[in-house]
Amino acid sequence: MNNKNYAKLPGDSKWTCLLCLRRYSTKYSAWRHVALNHRNLHEAKETLHTYDHDEIASDIEEPQSVCQPDSVISAASAQFDEEFASCSEESDETSTDELPYKQRRMDCESDTATQSLTREDALFDGSRISQTDHIRSVLAFVTRHKCSQRMTTDLLRLIRLHCPPDNKCARNYDSLIKQGKEELEVADKREIHDVCSLCNGLFPEDEEVVQCTTRDCTGLRYEGREDEQCLHRRKSFVLVTSLDEQLRNLFEKKGIWEDTVRNIRHRNSTKQGRDIHDGSCYRDVMGLTNNTISLLFNCDGVQLYKSSATKLWPLYAVVNELSPNIRFLRRNTVLCGLWQGQGKPPLTSMLTLFVKNMQDLSQTGVKFVPCGIGEEVTCRVRAIVCTADLPAKADMLCMSHHNGNCSCIVCEEPGKQVSRGRGHVHAFPYSNDFKKRTRDSFLANVQEAVGSNQTVMGVKSASPLLLLEGFNPVTSAVVDYMHCVLLGVTKTLLRRWTDSSSRGLPYYIRNELIYIYTCTSL
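Note that the structure is predicted; figures quoted are calculated from it, not measured.

Participant: So what's going on with the overall build of the protein chain? Residues and values would help.
Facilitator: Assigned secondary structure in the protein chain consists of 19 helices and 13 strands. A separation threshold of at least 6 residues defines the contact pool for the protein chain, and within that pool the share at least 24 residues apart is 53%. Here the protein chain displays about 32,900 Å² of accessible surface, and carbon together with sulfur accounts for 52% of that area.

Participant: Give me the lowdown on the sheet that holds strand β3 (residues 23-24), citing residues and values where you can.
Facilitator: Across the sheet, which stays open at both edges, the three strands sit in the order β1-β2-β3 with antiparallel pairing between neighbours. At either end of the open sheet lies a strand with only one pairing partner, and these are β1 (6-8) and β3. Both strand β2 (residues 15-17) and β3 contribute to a ladder of two bridges, which runs antiparallel. Its bridge partner being in β3, Thr16 is matched across the sheet by Arg23.

Participant: Break down the pairing of strand β11 (residues 377-387) for me, with residues and values.
Facilitator: Most of β11 sits out of view: nine of its eleven residues are buried. For strand β6 (residues 292-299) and β11, the ladder comprises seven bridges, and the chain directions are parallel. Paired with Leu295 across the two strands is Ala383, which belongs to β11. Examined bridge by bridge, strand β10 (residues 366-368) and β11 share three bridges and lie antiparallel to one another. Paired with Phe368 across the strands is Val377, a residue of β11.

Participant: Tell me about the pairing of strand β5 (residues 237-240), residues and numbers included.
Facilitator: Burial along β5 is two-sided: Phe237 and Leu239 and Val238 and Val240, pointing in opposite directions, are all buried. Here β5 pairs with strand β9 (residues 334-341) via four bridges, running antiparallel. If you follow Val240 over to β9, its bridge partner there is Gly337.

Participant: So, the nonpolar core: which residues are in play, and what are the values?
Facilitator: Grouped together as the largest cluster of nonpolar side chains are 52 residues, with contacts concentrated most on Leu247, Phe297, Phe354, Met358, Met396, Leu465 and Leu468. Residue contacts for Leu465: discarding those within four places in its chain leaves Phe297, Leu351, Val355, Met396, Leu397 and Phe471. Membership of the second largest hydrophobic core comes to nine residues, among which are Ile135, Cys147, Leu155 and Leu176.

Participant: I'd like to hear about the packing of aromatic side chains, residue by residue, with values.
Facilitator: Under the definition given, this model contains six aromatic pairs. Aromatic rings pair up to connect Phe251, Trp257 and Phe368 into one cluster.

Participant: Hey, could you go over the pattern of salt bridges for me, with residue numbers and the actual values?
Facilitator: Tallied over the entire structure, the rule returns 14 salt bridges. When the shortest N-O distance is used, the salt bridge between Asp259 and Arg262 registers 3.1 Å. A residue pair is termed a helical-turn pair when its members lie 3 or 4 positions apart in one helix, as Asp259 and Arg262 do in helix α11 (residues 256-267) at three residues.

Participant: Help me get a handle on a nonpolar patch on the surface, residues and values and all.
Facilitator: Residues Val479, Tyr481, Met482, Val485, Leu486 and Leu487 make up a contiguous nonpolar surface patch of about 580 Å² in total accessible area. Its place among the elements puts Leu486 in helix α17 (residues 481-486).

Participant: Could you give me a rundown of the packing of helix α10 (residues 243-251) against helix α14 (residues 347-364), with the residues and numbers involved?
Facilitator: For the pair α10 and α14, interaxial distance at closest approach is 10 Å and the crossing angle is 55°. Here α10 is positioned oblique relative to α14, judged by the angle of their axes. Every residue of α14 that contacts α10 at Leu243, Asp244 and Leu247 is listed here: Phe354, Asn357, Met358 and Leu361. In terms of residue class, the contact of α10 with α14 is built from five nonpolar, one polar and one charged.

Participant: Mind laying out unusual backbone geometry, listing which residues take part and the relevant values?
Facilitator: Its identity as a non-glycine residue notwithstanding, Lys146 has a phi of 55°, on the positive side. In this structure, Lys146 sits in the loop between α7 (131-145) and α8 (149-161). With a phi angle near 60°, His232 is a residue other than glycine that sits in the positive phi range. Looking at where His232 falls in the secondary structure, it is placed in the loop between β4 (191-194) and β5.

Each value, and the rule that gives it
- Residue indices follow the written sequence of each chain, beginning from 1 at its first position.
- Under the rules for a predicted model, residues below a pLDDT of 70 receive no local features and side-chain atom pairs below 80 are neither given nor counted, while totals for whole chains, interfaces and linings still include all residues.
- Water and hydrogen atoms play no part in the side-chain values, which are based on all heavy atoms of the structure.
- Put simply, DSSP marks the helices as runs of H or I at least four residues long and the strands as runs of E at least two long, and each gets a number from the N terminus on.
- In this description, contact between two residues means that some pair of their heavy atoms is separated by no more than 4.5 Å.
- Calculation of accessible area relied on Shrake-Rupley with a 1.4 Å probe; when residues are assessed, cover is drawn exclusively from the protein chains displayed.
- Two strands make a pair as long as DSSP finds a minimum of two bridges between them.
- The rule is simple: take the accessible area with a 1.4 Å probe, protein chains only, and divide by the maximum for that residue type; under 20% is buried, over 50% is exposed, in between is partly exposed.
- Buried Ala, Val, Leu, Ile, Met, Phe, Trp, Tyr and Cys residues that are joined via side-chain atoms within 4.5 Å together make up what is termed a nonpolar core.
- Within 6.5 Å between ring centres, the rings of Phe, Tyr and Trp (the latter by its six-membered ring) count as paired, and their orientation is classed by plane angle as stacked under 30 degrees, edge-to-face over 60, tilted in between.
- Any carboxyl oxygen of Asp or Glu within 4 Å of a side-chain nitrogen of Lys or Arg constitutes a salt bridge here.
- Excluding any residue in a salt bridge, patches collect residues exceeding 30% relative accessible area, merging like charges within 9 Å and nonpolar Val, Leu, Ile, Met, Phe, Trp and Tyr side chains within 5 Å.
- Between N-to-C directions, angles span 0 to 180 degrees; the directions come from axes that are lines fitted to C-alpha atoms, helices contributing only their stretch in contact.
- When describing relative orientation, an angle under 35 degrees is termed roughly parallel and one over 145 degrees roughly antiparallel, while 65 to 115 degrees is termed roughly perpendicular and anything else oblique.
- Only Asp, Glu, Lys and Arg are considered charged in this grouping, and only Ala, Val, Leu, Ile, Met, Phe, Trp, Tyr, Cys and Pro are considered nonpolar; every other residue, Gly among them, is considered polar.

Structural data, given as structure tokens:
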């Protein structure tokens, strides 16, 4: 083969394949790669050079078929319909009137693939791409590839060159962001609630009310002084999304509802403990109902910028009835809410809005049409489990933090301060005589704390989570796996059991690891 297919590029010590730009440390490796992987390409080039150029030109001048843009779209649509034919067979037989909650995912509907959009919704006359899909796809591309404003503007200019003159494509970066906000706010049914940065109370829905309505609070709604409130620059707010819409889109995905039904039947028939829906606490709350699912929600914070104190606290949820291998995938995760601001997060205000949405879903349920079934299903939803690290869990349950007295959610042990290094930590010495918490005792502590305005057995106030159906603050606030198992006490115990510094102590088991491994592998 031609040696020009691989060479050393300027400033590079390795050999580079000029056909696929792969780099190799030796010349022989590059030659072997070209000889084995690009042999067919080289033979095609040699064969092409042997053709009569006049014969090739005649073939080009008299093509058998001309490929127009519409034919390209039709071919792509036909291929798309063929790949998802299994999802479209039953949905084609059902009319729009029979499906009030028509599936909007392209893999489960065939009407959109075979008919043109209305003139108001289409990107241009005769287009099969709506303006909303255009905005969403461009925003997804820009977000994924981290495009700058200049790159985004050039991308939009390139898209417009491939469209007819009378198109509705975004003209520049600013118009893209503006149209994206308008389209996504309508489609996602989001709600934004401003939060007072002083008392963490919610402002009224009327955005003209800039003074906090909490008694003796002087907080302002927006950034700046009182005469700058007309600029409407938000500084602390909670964004609430539509759980009904997200869960509907989730269960309308291919295979999701079938997997959920399979696990629901499994929880009602087996006594083996393999997953969360096999536990006794779960079954006491959920019972044997077939059209009821449960959520596990969690909340944690992250700093938005390194040079800023602005933080994000998202509230996510997953469906417990999904199989573990797909339960925690990002595409199957539901965003319940989001707080952005500085300082301590107003979890009570955010959870109040979350509980309100969950109460509606627990009573009315979610209506959707599973992919491939064609019949409308109504499913009730309950949020019965929460997980978070210790500081966030204490704020969610309105309890003392982990370094305070009676901060354990399982028992009422007060603990004590012990010396560690140059400081002190709050520890809970081992004891056989301790009193466990129950739901009734926890509620009694809540009533006493609210009446006296003091902390009672680690309880400061009433948490909004107590209003959730089936939520038990003692058993529903489960252990955080990452911090308590992978990084917490378990890691400390394993280090003390196996570290050489513990040699000679009664709990040192490093010499017995082979025996332990043999016993556990049987």
